[in-house]
Amino acid sequence: MVQIIDKKVNLEYSLGHHLHCMIAQVPNRLRRAEKGFAIVEPDRQWEMVRSTLDLVAAGEGNLKKLHFLLFPETHVPVARFDEMLSLIDGRFRPNTVTMFGVEHVSLKAYREMLERFREDNAEAIELVDRDIDSGDVLEMPVNWCCVAVKEANGKLRVFLEAKSHPFHGEEFLDKFHDLYRGRHFYLFRSRPSCFNFMVLICLDYLYRDLYSSNIRQIIDHANQLYFTTRQALDTIFVVQCNPKPEHRAYRDVLSGFYGEYLEDTPGVRETVTVFGNSSDETRIEDAPEEQGFGASSVVINRTHRLASVQLSEFATDDFDGAPVCRLRFGTGTRLYYFNLPLHHEIDPRTTRVPLKVHTILRWSRDGGWVKVTGDEMVAGFEIGQES
C-alpha cells in the first residue's frame, strides 16, 4: 500500500485571497527505450520548457502572482534536471511551487536522486530501500516527478515521487522491464498559510483494487487531517500524459471523491482537483496519432455552481452528470493561467467570481509564447456562479 507522508513547507500566502496556477499543456514526443520511455527530441522539448520558465520568471502582467506551475508527466529531459532546478532556484519568486514529470530513469538512478535530496526525502528512501533489499530491481524503469518548492525565505526544497501504477504501455511480460511502482505520496502542509496540497502522476489518481485504493486512502487521510486540525486537503495536482483524459474511469472516481455517497468527507469536500495534461501534438511510439491528449481541467464541488460557458478555448460542464463543476480546456499547445477557487463556505456570496481564466498563451511559429486573441481573452474571462 502506498504511504502518504506529511511534509511541512514554509509558504506564505495572503489569507482570504485566491491563489494562481498555470498549466503548461505542452507536447511530449516519446519512444520506447531500455528504461521505460525516452524523449525523442530532448533539446526541442527543453526549448519549450525553458521558454515557459523564462516567461514566469519575467512575471509580466499579473504573472508575478503565480503560485503553482504544472508541467506534464515524463516531460523534462533528465539531462536538464539540474538546469531546471537551477533556474527555479535562481529566478523564481519565493512562495512558488513547480511540479514537473521527468524522463524515465532506472531505479538505481532514481535512488541516487533521492539521496541527493535526502533532507526532504528521507522517509521515501526508506520505502525504496525495502524494495531494493527484496530483490534484483535496480534496473527497473521509474516514471517520476519532482515538486520544487521555493519557500518564503528563498530556500529551494526538492521532493521526488514515483508513479504508483503503470498503464499498459509501461508493463511487459518480462518483469524486469515493468515500471517500478512508487510507494509514497507527499501531502504538503503549508505554514503559515495552512494550505494543503498533493501531487499525483496520472493513474495514481485512479488506482484501485480489491485490497487498496489510492483515492480512498487520500480521502481517509484528508478526513483525519480535518478531524484533528480542522484543516482540509485544498488541492490535488495530477501530472498527466494521458491520451484518454475524458475516460469514464476519471468521471467515476471524481463522482466518488466529491459525491459523499457512503460517508461524509469533510477533508476533501472543498478540494480543487487540477488535471494538467500534455497537448494534442504529443506523439508516443506505437500509439495511434489520432488519440486524444489535451483537455486539461479544473474540477470543484458542485456547490460552486459554475455558470454554463462554451468558448473555443474552454468550457464548463459537470463531466456527464458527475456531482462536480468542471472547467475543461481545449487540446492544443497552450499555457493556461487561472486562479484556484476559494472554499465555498468561506466565501459563499453569489456575486463573488469563484474561477477566472486570466490568460491563455499559445506557442508561436517563431518560438515563444503569445496571448490567444479574442475579445473574451483580453482581460480575463470570469466564470460566474449560477443564481
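Residues numbered from 1 in each chain as written. Predicted model: local features only at pLDDT ≥ 70, side-chain atom pairs only at ≥ 80, totals over all residues. Heavy atoms only, no water.

> Honestly, the overall build of the protein chain in this entry has me stumped. Any pointers?
Check the secondary structure of the protein chain and you find 6 helices and 20 strands. Taken over 387 residues, the protein chain has a buried fraction of 59%. Long-range contacts, defined as pairs at least 24 residues apart, comprise 76% of the intrachain contacts of the protein chain with a sequence gap of at least 6. Here the protein chain displays about 16,300 Å² of accessible surface, and carbon together with sulfur accounts for 48% of that area. (Helix = DSSP H or I, 4+ residues; strand = E, 2+ residues; numbered from the N terminus. Buried < 20%, exposed > 50% of the residue type's maximum accessible area, 1.4 Å probe, protein only. Contact = heavy atoms within 4.5 Å. Areas by Shrake-Rupley, 256 points an atom, 1.4 Å probe, with all protein chains shown as cover.)

> Can you walk me through the sheet that holds strand 10 (residues 196–201) in this structure?
Within a sheet, each strand pairs with its neighbour through backbone hydrogen bonds, oriented either parallel or antiparallel. Reading across from one edge, 1-9-10-11-12-14-16-15 is the order of the 8 strands in this open sheet, with mixed pairing throughout. The sheet is open, and its two borders are formed by strand 1 (3–11) and strand 15 (314–317), each paired with just one other strand. The mean inter-strand angle of the sheet, taken between neighbouring strand axes irrespective of direction, is 20°. Two strands pair when backbone bridges link them, and strand 11 (residues 235–239) and strand 12 (residues 272–276) are joined in this way by 5 bridges, in the parallel orientation. (Pairing = 2+ DSSP bridges. Axes fitted to C-alpha atoms, helices over the stretch in contact; angles between N-to-C directions.)

> I'm lost on the sheet that holds strand 3 (residues 29–33) in this one. Help?
Pairing in this open sheet of 3 strands is mixed, and the strands run 4-3-13 from one edge to the other. The sheet is open, and its two edges are formed by strand 4 (36–39) and strand 13 (283–284), each paired on a single side. Bridge analysis of strand 3 against strand 4 gives 4 bridges, and the strand direction is antiparallel. Pairing of Arg32 across the sheet is with Phe37, part of strand 4.

> Even after reading the chapter, I still don't get helix 6 (residues 248–259), so can you show me in this structure?
Every α-helix winds through 3.6 residues per turn, so residues three or four apart in the chain are directed the same way. Look at helix 6: 16 Å from first C-alpha to last across 12 residues, which is about the 16 Å you get at 1.5 Å a residue. Considered for burial, the residues of helix 6 that qualify are Tyr250, Arg251, Val253, Leu254, Ser255, Phe257, Tyr258 and Gly259. Buried positions along helix 6 lie against helix 5 (214–229), strand 11, strand 12, strand 14 (297–301) and strand 16 (324–329). (Expected span 1.5 Å × (residues − 1).)

> I'm lost on the nonpolar core in this one. Help?
Generally speaking, soluble globular proteins have nonpolar side chains that are buried together. Ranked by internal contacts, the top residues of the largest apolar core, which has 117 residues, are Phe68 and Tyr205. Beyond its immediate stretch of four places on either side in the chain, Tyr205 contacts Leu200, Ile215, Ile236, Val238, Tyr250, Val253, Leu254, Phe257, Thr273 and Phe275. Core analysis: the next-biggest nonpolar cluster, separate from the first, contains 6 residues, Phe37, Ile39, Cys241 and Ile284 among them. (Core = buried A, V, L, I, M, F, W, Y, C linked by side-chain atoms within 4.5 Å.)

> Teacher, can you tell me more about the pairing of strand 12 here?
Regular strands place their side chains on alternate faces of the sheet. The buried count for strand 12 comes to 5 of 5 residues, which makes it a mostly enclosed element. Where strand 12 lies against strand 14, 3 bridges are found, and the strand directions are antiparallel. Counterpart to Phe275 in the pairing with strand 14 is Ser297.

> How should the pattern of salt bridges be read in this particular structure?
Side chains carrying opposite charge are able to pair once their charged atoms draw close together. Evaluated as defined, the whole model comprises 25 salt bridges. Close ionic contact of Arg116 with Asp82 constitutes a salt bridge, the shortest N to O distance being 2.9 Å. Here Arg116 is found in helix 3 (residues 107–116), whereas its partner Asp82 is found in helix 2 (residues 81–91), with 34 residues between them in sequence. Residue Arg116 is classed as partly exposed on the basis of its relative accessible area of 47%. If you follow the salt bridges from partner to partner, you end up with Asp43, Arg50, Asp54, Arg80, Glu83 and Arg91 in one network. (Salt bridge = Lys/Arg side-chain N within 4 Å of Asp/Glu carboxyl O.)

> Looking at this structure, I do not really get the packing of helix 1 (residues 42–58) against helix 2. What am I missing?
In helix packing, the relevant descriptors are the interaxial angle and the interaxial distance, both defined with respect to the helix axes. At a closest axis distance of 10 Å, the pairing of helix 1 and helix 2 adopts a crossing angle of 10°. The angle between helix 1 and helix 2 falls in the class roughly parallel. Contacts between helix 1 and helix 2 pair Trp46, Val49, Arg50, Leu53, Asp54 and Ala57 from the former with Glu83, Met84, Leu87 and Arg91 from the latter. Among the residues making up the contact of helix 1 with helix 2, the classes are represented as 6 nonpolar, no polar and 4 charged. (Parallel < 35°, antiparallel > 145°, perpendicular 65-115°, else oblique. Nonpolar A, V, L, I, M, F, W, Y, C, P; charged D, E, K, R; others polar.)

> Help me understand the packing of helix 3 against helix 4 (residues 118–134), please; the structure alone is not making it clear to me.
Between helix 3 and helix 4, the shortest axis-to-axis distance is 8 Å and the interhelical angle comes to 150°. Taken together, helix 3 and helix 4 sit at an angle that is classed as roughly antiparallel. Our pair here, helix 3 against helix 4, has a crossing hand that is left-handed. Residue-level inspection shows Leu107, Tyr110, Arg111, Leu114, Glu115 and Arg116 of helix 3 in contact with helix 4, the latter providing Arg118, Asn121, Ala124, Ile125, Val128, Asp129 and Ile132. Its residues placed into classes, the contact of helix 3 with helix 4 shows 7 nonpolar, 1 polar and 5 charged. (Left-handed = near helix turned anticlockwise from the far one by under 90°.)

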